[in-house]
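A look at the structure
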Amino acid sequence: MVCLIGKSLNEISKIVLNQSGHADHALEIAKWLYRKETSTFEEIITIPLILRKALDINSCIGKYNPIQVHESADETRKYLFENYQSQRFETVYMPSAKRNTLCISTQSGCRMGCRFCLTGKIGFNGNLSANDILNQYLSIPERSKINRIVLMGMGEPFDNLNEVKKAVEILTADWGASFGASNITISTVGLHEPLKLFLENPFCNLAISLNNPISHERKELMPIEKSNPIAETVNLLRKHPIKKPLRLSFEYVALGGINITERHAIAVSALLKGLKCHLNIIPWNSHEGTSFKSPSEIELNAFINCLNKNGVLTAVRQSRGEDIGAACGQMAGVSDE
Ligand code: SAH
Ligand code: SF4
């Protein structure tokens, strides 16, 4: 049975025309699905009853609720979802005085195997569909308060570009959720082929997970460096600059004693020279079974000073929801029964 959430206006039109409706009905349906709290066809009162009934027999809305929620002491909430294929994935809502951010997953698990990341450790359980990606936004209770979305949950978005692109198009379309593209950020290790496609027509902000500027060291942390070296990623970004209002940033997981020496700061500065971007430093969030450490304050400050001295614009991103395993790199998609 076809689910409507995750379908573009064109696709909804085809479905509606098949049921003897017309194109205006498709626009109505899209607005009800992507802008309101609609979970049944019955609620879509601006289309004829006969069409609602026909749609109900032959298709479904495709909305489903999280199976578990955890609330952190800092008010971050982590939702666990399970779709009809039994894939599990997590979504994190982070309210703050300035803005309310939703962190969405794009895969169940991840196959990139980054050594410092718990999602990388649990392995891969498949791509999420545009329906699963959008449902994380549409079905959480705080939905109307969200003003920023980051595709930084479980998974590597560029390893699932088609579904991710479709979901973001629906989020930003004026017939869809009408969310500003510059309020959405996609985070990637920098897979070259999908990156080239993205740069031809960027559909939101881009964040590249740098984590180490020195190739042989990055390979140790992120196996993907072997086939998709960061130097080439940066070359592609120089060739196809991202235009305003969209922004480019880099992320840097600070690992105590490993990637935050003066040598690393100088190499970061050389790598990013002349690129219009800033660097977000994320102190490593701990999880069991690894020998990594979070950086000490002295070590972190020295790294930041050295970056600043070498002309790199930096910000430290304090992770949220560490106490409930909701911070960057802590998502494992497991329930606690
Ligand atoms: N797969 C994508 C997006 C999800 S990971 C990517 O890697 O970019 C989002 C961010 O969390 C990445 O920058 C990643 O380097 C970082 N990260 C992973 N594990 C972490 C951990 N344990 N502590 C802090 N940041 C982590
Ligand atoms: Fe996957 Fe990102 Fe974790 Fe690497 S850091 S394993 S790419 S989720």
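Model, not experiment: these values are computed from the prediction.

This paragraph deals with the pairing of strand β12 (residues 248–254). Burial runs high along β12: 7 of the 7 residues are buried. Residues L248, F250, Y252 and A254 of β12 are buried on one face, and the alternating residues S249, E251 and V253, pointing to the opposite face, are buried as well. Pairing between strand β11 (residues 205–209) and β12: 4 bridges, direction parallel. Residue L206 lies in a different strand from β12, and its bridge partner there is L248. Inspection of the sheet shows β12 paired to strand β13 (residues 278–283) by 6 bridges, in the parallel sense.

On to the packing of helix α1 (residues 9–18) against helix α2 (residues 23–35), then. Here α1 crosses α2 at 125°, and the two axes come no closer than 8 Å. Between α1 and α2, the interaxial angle falls into the category oblique. Relative to α2, α1 is oriented so that their crossing is right-handed. Seen from α1, the contacting residues are L9, I12, S13, V16 and L17; seen from α2, they are A23, H25, A26, L27, I29, A30, L33 and Y34. Each residue belonging to the contact of α1 with α2 can be placed in one class, and the counts come to 11 nonpolar, 2 polar and no charged.

This next bit is on the site of ligand 1. G155, S187, S209, W284 and N285 are the nearest of the 20 residues found near ligand 1. Separating an oxygen atom of ligand 1 from a side-chain N or O atom of S187 is a distance of 2.7 Å. A distance of 3.3 Å separates an oxygen atom of ligand 1 from a polar side-chain atom of E251. Burial of ligand 1 by the protein amounts to 96% of the accessible area it has alone, namely 530 Å². Counting residues per element, the ones that place at least two in the shell around ligand 1 are β10 (184–188), β12 and β13. Classifying every residue of the shell around ligand 1 gives 9 nonpolar, 9 polar and 2 charged.

It is worth spelling out the site of ligand 2 at this point. Taken together, the neighbourhood of ligand 2 is formed by C110, M112, G113, C114, C117, G120, G155 and V189. For the shell around ligand 2, a count of residues per class yields 5 nonpolar, 3 polar and no charged.

Each value, and the rule that gives it
- Residues numbered from 1 in each chain as written.
- Chains lettered and ligands numbered in written order.
- Predicted model: local features only at pLDDT ≥ 70, side-chain atom pairs only at ≥ 80, totals over all residues.
- Heavy atoms only, no water.
- Buried < 20%, exposed > 50% of the residue type's maximum accessible area, 1.4 Å probe, protein only.
- Helix = DSSP H or I, 4+ residues; strand = E, 2+ residues; numbered from the N terminus.
- Pairing = 2+ DSSP bridges.
- Axes fitted to C-alpha atoms, helices over the stretch in contact; angles between N-to-C directions.
- Parallel < 35°, antiparallel > 145°, perpendicular 65-115°, else oblique.
- Left-handed = near helix turned anticlockwise from the far one by under 90°.
- Contact = heavy atoms within 4.5 Å.
- Nonpolar A, V, L, I, M, F, W, Y, C, P; charged D, E, K, R; others polar.
- Near = heavy atom within 4 Å.
- Polar contact = N/O pair within 3.5 Å; in protein donor to acceptor, adjacent residues only side chain to side chain.
- Areas by Shrake-Rupley, 256 points an atom, 1.4 Å probe, with all protein chains shown as cover.

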